[in-house]
Amino acid sequence: MKKSFVFLLSVCMLFSFSLYPKEEKEDPLLIEVEPAQLTEHKKEAFAWLDSHMKELAEINDKIAGFAEVAMEEYQSSELLALYLEENGFEVTRGVAGMPTAFVAVYGSGEPAIGILAEYDALPGLSQQPVPYKKPVEEGKPGHGCGHNVFGTASTAAAVAMKEVMAKNSLPGTLKLFGCPAEETVVGKVFMARDGVFDGLSCCVQWHPSSVNDVPLDSSNALNQFEVEWFGKTAHAAGDPWHGRSALDGVELTNVGLNYLREHLKPTARIHYVIEQGGGVPNVVPDYAKAWYYVRDIDRESVEKDYKRVLKIIEAAAMMTETTYKIHLISGVHEMLTNRTGNEIVYSNLLLVGGPKFTEEEQEFAKAIQENLGMEEKGLKTKVEPFRLPERSWGGGSTDVAEVSWLTPTTTLGVAFKPTGTPGHHWSSVACGQMSIGHKAMLTAAKVMAGSGLDFLDHPEMIKKMREEWMKAKKGKEYKSPLPPDLKPPVKPKKSEQ
Ligand SMILES: [Zn+2]
């Protein structure tokens, strides 16, 4: 019996091998897209960008040099706002109560196309344009997420589009949004709450990346908040019974949260840091502070999780006889991806192609990878396939999600850092302020201007994007996660501090 079964099995296997010898498994997630047309309008925009590379690269490097962190982007935002003004845009500074947020407008009427720009740096990542760790100034900020390249490329795309609109008397409105404090997930949330993005037909944006692609993944919704705890101090050995520990409030909250995890959906993510936990062990701490992120697949789930977290905080206060204050810093939605719009962006990415890096630039990237003990793969120049995401939920969160609930919003990634290198890292700061960053900037600007011009020239594309967007919203209207009276965490200019 056994022998004949094995025989039968091997015959079957033989059969199956001979029947399907070399057939490759098709990728069910792959979407075939043709390159976009190189229209006269695009030729004009690309030519404008090519001929203005020198000044655009200077802006890129100046913002890299300013390296201003969230809400301190006074010089960076002013540089971009001025450039837009000099190029025929009308600029409103200080929108949504944030001095470093601005809107630059050109033209009038429909369609109204938005472009997002970011320009905040990250603390502690100061770095020179060399392939090994070497800060300009130890401990100072640096553009570890490439937002200097981000802001410059978006501004460049806006001006290039405006040139074409002006030359050909094209109808429509172009709005460049100067969005501060992305790294703290703050800027666009306040701008969205205050109606800054209202009235757009659609919006384009991008992010510097290690690949050239148009990802269709969503991102997680989030609430981030701080909890301050107030207790009573006492000698920790002499009369601890007179004390009420604020740190105990933090610790019991965290114990409760870690037990809660088991009873949340697997998509939930909770993480925290204790910012202040007291001074010395022999004094019962009367003050403590912790900072929390609660994320989940969508806004409703975050709100449900958040309510349960609030109960735990309240219970910890009861247990410890302490009091607390919750400060909601920010909250975002999950990203509504728009396949129709992204397909147009992808077709323009195919038209433009990935950045053409030289041998020298590849060597620079490989030197970084060698220094990080990674495989020396260099920089990506090819365009990745356009694919549906493998899973519907994302890990990180972004305030671009707020815009995606107010208008169909597209995305784009362009390689500006070596393959596999970590994000928020000195290697990104290094690449972003040299020819590698400049090429990524030019590529992103061309793809966004090309896509924007397609939207201007083909109103039916916008109509289709908006139909998909309406369906994706499932009848829900945008409701800001922020209370109406919450003020943005504005920081004064360094000279005024
Ligand atoms: Zn970023």
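For the structure itself, look to the data block above.
Anyway, here's the lowdown on the structure attached to this text.

Quick notes on the rules
- Residues numbered from 1 in each chain as written.
- Predicted model: local features only at pLDDT ≥ 70, side-chain atom pairs only at ≥ 80, totals over all residues.
- Heavy atoms only, no water.
- Helix = DSSP H or I, 4+ residues; strand = E, 2+ residues; numbered from the N terminus.
- Expected span 1.5 Å × (residues − 1).
- Buried < 20%, exposed > 50% of the residue type's maximum accessible area, 1.4 Å probe, protein only.
- Arc of directions from axis to C-beta.
- Contact = heavy atoms within 4.5 Å.
- Pairing = 2+ DSSP bridges.
- Axes fitted to C-alpha atoms, helices over the stretch in contact; angles between N-to-C directions.

Remarks on helix H8 (residues 299-320)
- The terminal C-alpha atoms of H8 lie 31 Å apart, and with 22 residues this matches the ideal 32 Å at 1.5 Å per residue to within 8%.
- For H8, the complete set of buried residues consists of Arg-299, Ser-301, Val-302, Asp-305, Tyr-306, Val-309, Ile-312, Ile-313, Ala-316, Ala-317 and Thr-320. Seen end-on, H8 carries its buried residues on one side only, within an arc spanning 145°. Exposed residues on H8 whose side chains face more than 90 degrees from its buried face are Lys-304, Lys-307, Lys-311 and Met-318.
- Looking at the buried residues of H8, the elements they touch are strand S7 (221-230), helix H7 (246-260), strand S8 (269-276), strand S9 (287-296) and strand S10 (323-332).
- One or two steps after H8, the chain reaches Glu-321, where phi turns positive at roughly 55°.

Digging into the sheet that holds strand S1 (residues 90-93)
- What the five strands build is an open sheet, ordered S1-S2-S4-S3-S5; its pairing is mixed. Taken across any chain shown, the strands that pair with only one partner, and hence form the sheet edges, are S1 and strand S5 (202-204). Adjacent strand axes in the sheet meet at a mean angle of 20° when their direction is disregarded.
- Pairing analysis gives three bridges linking strand S3 (residues 112-118) to S5, with the strands arranged parallel. Its bridge partner being in S5, Ile-115 is matched across the sheet by Val-204.
- In the packing of helix H4 (residues 74-86) onto the sheet, the strands contacted are S1, strand S2 (102-108) and strand S4 (172-179), and the crossing angle to S1 comes to about 155°.
- Along the sheet, helix H13 (residues 435-457) makes contact with S3 and S5, crossing S3 at roughly 165°.

A short note on the environment of Ile-368
- Tracing the backbone shows Ile-368 in helix H10 (residues 359-371).
- Distance in space between the C-alpha atoms of Ile-368 and Gly-144 is 14 Å, their sequence separation being 224 residues.
- Residues within four places of Ile-368 in sequence aside, it is in contact with Pro-131, Pro-418, Thr-421, Trp-426, Ser-427 and Cys-431.

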